[in-house]
Amino acid sequence: MKKFKVGVALGGGGARGLAHIGILEVIRDNGLSIDAVAGTSMGSAVGALYAAEADTRMVEKKLADFINSKAVGEGAAFFSKKASTRPFGKMLSMAKQFFIMNRAVIGPSIISAEQIKAIFNGLSLPETFDDLKIPFCSVATDIGKGDEKVFSRGNLKKAVLASSSIPGIFPPVKIDGSYYLDGGTVNSVPVSPLKPCCDFIIACDVRPVRRMISEFDRGLAILSRADAISSHKLSDLQITQADFIIKPDVRNIHWADFKKMGYCIEEGRATAKKCLKELKKAVLRAKIKSLTGRFFKKNDGFPEN
């Protein structure tokens, strides 16, 4: 008989994705097995570390060391700092925006390939998917084909880097002749890659709040808003494939505000604890419902693409 498998889909969101650590801790510590993990962007980084260690304390320690490194700290401060209302502060903010736009227009990214490789080397990931204790896949966007790419074998570090490469900020990652960027463009909470191999899927959603905007006086702002609406609507449809959704209240945390690491982890932990009773009931119902079908099925892996 096929084993009943629980999969966890970890969504992207930068610093907000640190909430996944608290969620994974509560799931594992309360008797629920985690048989497979899928991750996008920060969810890919957290998911890969968890799949390697199967220990949230080690994941937290490794990510804390990574975030507290000089390279990550300087980069996060640059992107997360709020604009000042004072005249000199406004001038600095305008200069920063000009610098970002200039780098993005004349080159493929603001941060160079060499810089991002040096940063990600501090993440202490295993070399390949074969080194992991738990089945894991990382979702990225093939920018040439415009398709979703699910990585579940080969070079783990490159797969996580590809899934985490924010368009315009990080450069595209070349793997086997194709170029990849952040998986959030095509699948921000990667439930679908877990469908072939799991009987029950928990989606961890750390997407930002959708703010109401009433003024549209710049073309770039209108383009950005239209893209954001499309992305949110796609994600809303994709996440309905999950059997259970955990959504910690980290919506207002800036994606680069890694100083909120402790807060995000605790929010994930607290939210998971609040819905733990309902989660266990849902898992039990799914186990009973799938019992007959599992007699005639074999354990499958991640989809090939």
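Residues numbered from 1 in each chain as written. Predicted model: local features only at pLDDT ≥ 70, side-chain atom pairs only at ≥ 80, totals over all residues. Heavy atoms only, no water.

Trainee: What exactly am I supposed to notice about unusual backbone geometry here?
Mentor: Glycine aside, residues mostly have negative phi angles, and peptide bonds mostly take the trans form. In this model, Ser124 sits at a positive phi of 55°, which is unusual for a non-glycine residue. The residue Ser124 is located in the loop between α6 (113-120) and β3 (136-142) in this model. At Asp176, a residue that is not glycine, the phi angle is positive and equals roughly 50°. The topology assignment puts Asp176 in the loop between β5 (173-175) and β6 (178-182). (Helix = DSSP H or I, 4+ residues; strand = E, 2+ residues; numbered from the N terminus.)

Trainee: Sorry if this is basic, but what is going on with the side chain of Gln238 here?
Mentor: Position of Gln238 among the secondary structure elements: in helix α8 (residues 219-239). The buried category is assigned to Gln238, whose relative accessible area is 15%. There is a polar contact of 2.7 Å between the side chain of Gln238 and the backbone oxygen of Val186. (Buried < 20%, exposed > 50% of the residue type's maximum accessible area, 1.4 Å probe, protein only. Polar contact = N/O pair within 3.5 Å; in protein donor to acceptor, adjacent residues only side chain to side chain.)

Trainee: Just to check I follow, could you spell out helix α9 (residues 261-274) for this structure?
Mentor: Since there are 3.6 residues in each turn of an α-helix, residues three or four apart along the chain are aligned in direction. Spanning 14 residues, α9 covers 20 Å between terminal C-alpha atoms, matching the ideal 20 Å at 1.5 Å per step. Of all the positions in α9, only Met261, Cys264, Ile265, Gly268, Arg269, Thr271 and Ala272 are classed as buried. Looking at the buried residues of α9, the elements they touch are α1 (19-29), α3 (56-67), β8 (244-246) and α10 (276-294). (Expected span 1.5 Å × (residues − 1). Contact = heavy atoms within 4.5 Å.)

Trainee: I would appreciate a short explanation of the pairing of strand β4 (residues 147-151) in the present structure.
Mentor: Successive side chains on a regular strand alternate, one facing one side of the sheet and the next facing the other. Pairing geometry for β3 and β4, over 5 bridges, is antiparallel. Bridge assignment links Thr141 to a residue of β4, and that residue is Glu148. The hairpin turn running from β3 into β4, its antiparallel successor, is 4 residues long, and Gly146 in that turn takes a positive phi close to 75°. (Pairing = 2+ DSSP bridges.)

Trainee: In this structure, what is going on with the pattern of salt bridges? I would like to understand it.
Mentor: Should their charged atoms come close, side chains of opposite charge can pair. Counted according to the given criterion, the structure contains 14 salt bridges. The salt bridge partner of Asp205 is Arg207, with a shortest N-O separation of 2.9 Å. Its relative accessible area of 3% is what places Asp205 among the buried residues. Its relative accessible area of 10% is what places Arg207 among the buried residues. For the salt bridge of Lys260 with Asp257, the shortest nitrogen-to-oxygen distance reads 3.0 Å. A relative accessible area of 16% places Asp257 in the buried class. (Salt bridge = Lys/Arg side-chain N within 4 Å of Asp/Glu carboxyl O.)

Trainee: Just checking my understanding: could you explain the environment of Gly168 for this structure?
Mentor: With respect to the element layout, Gly168 can be found in the loop between α7 (156-164) and β5. Using a relative accessible area of 29% as the deciding quantity, one classes Gly168 as partly exposed.

Trainee: Just to check I follow, could you spell out the side chain of Ser188 for this structure?
Mentor: If you trace the backbone, Ser188 turns up in the loop between β6 and β7 (200-204). Owing to a relative accessible area of 9%, Ser188 belongs among the buried residues under this scheme. Aside from chain neighbours lying at most four places away, what touches Ser188 is Gly11, Gly12, Thr40, Gly183, Arg207, Ser235 and Gln238.

Trainee: I tried to follow the confidence of the model for the protein on my own but got confused; where do I start?
Mentor: Within the protein, residue pLDDT values average 84, and 78% of them lie at 70 or more. For the protein, per-element mean pLDDT is lowest for helix α5 (residues 87-106), which scores 45, and highest for strand β1 (residues 6-10), which scores 98. A low-confidence stretch, residues 83-106 (pLDDT under 50), is modelled with 16 contacts involving residues beyond four sequence positions or located in other chains. (pLDDT = per-residue confidence, 0-100.)

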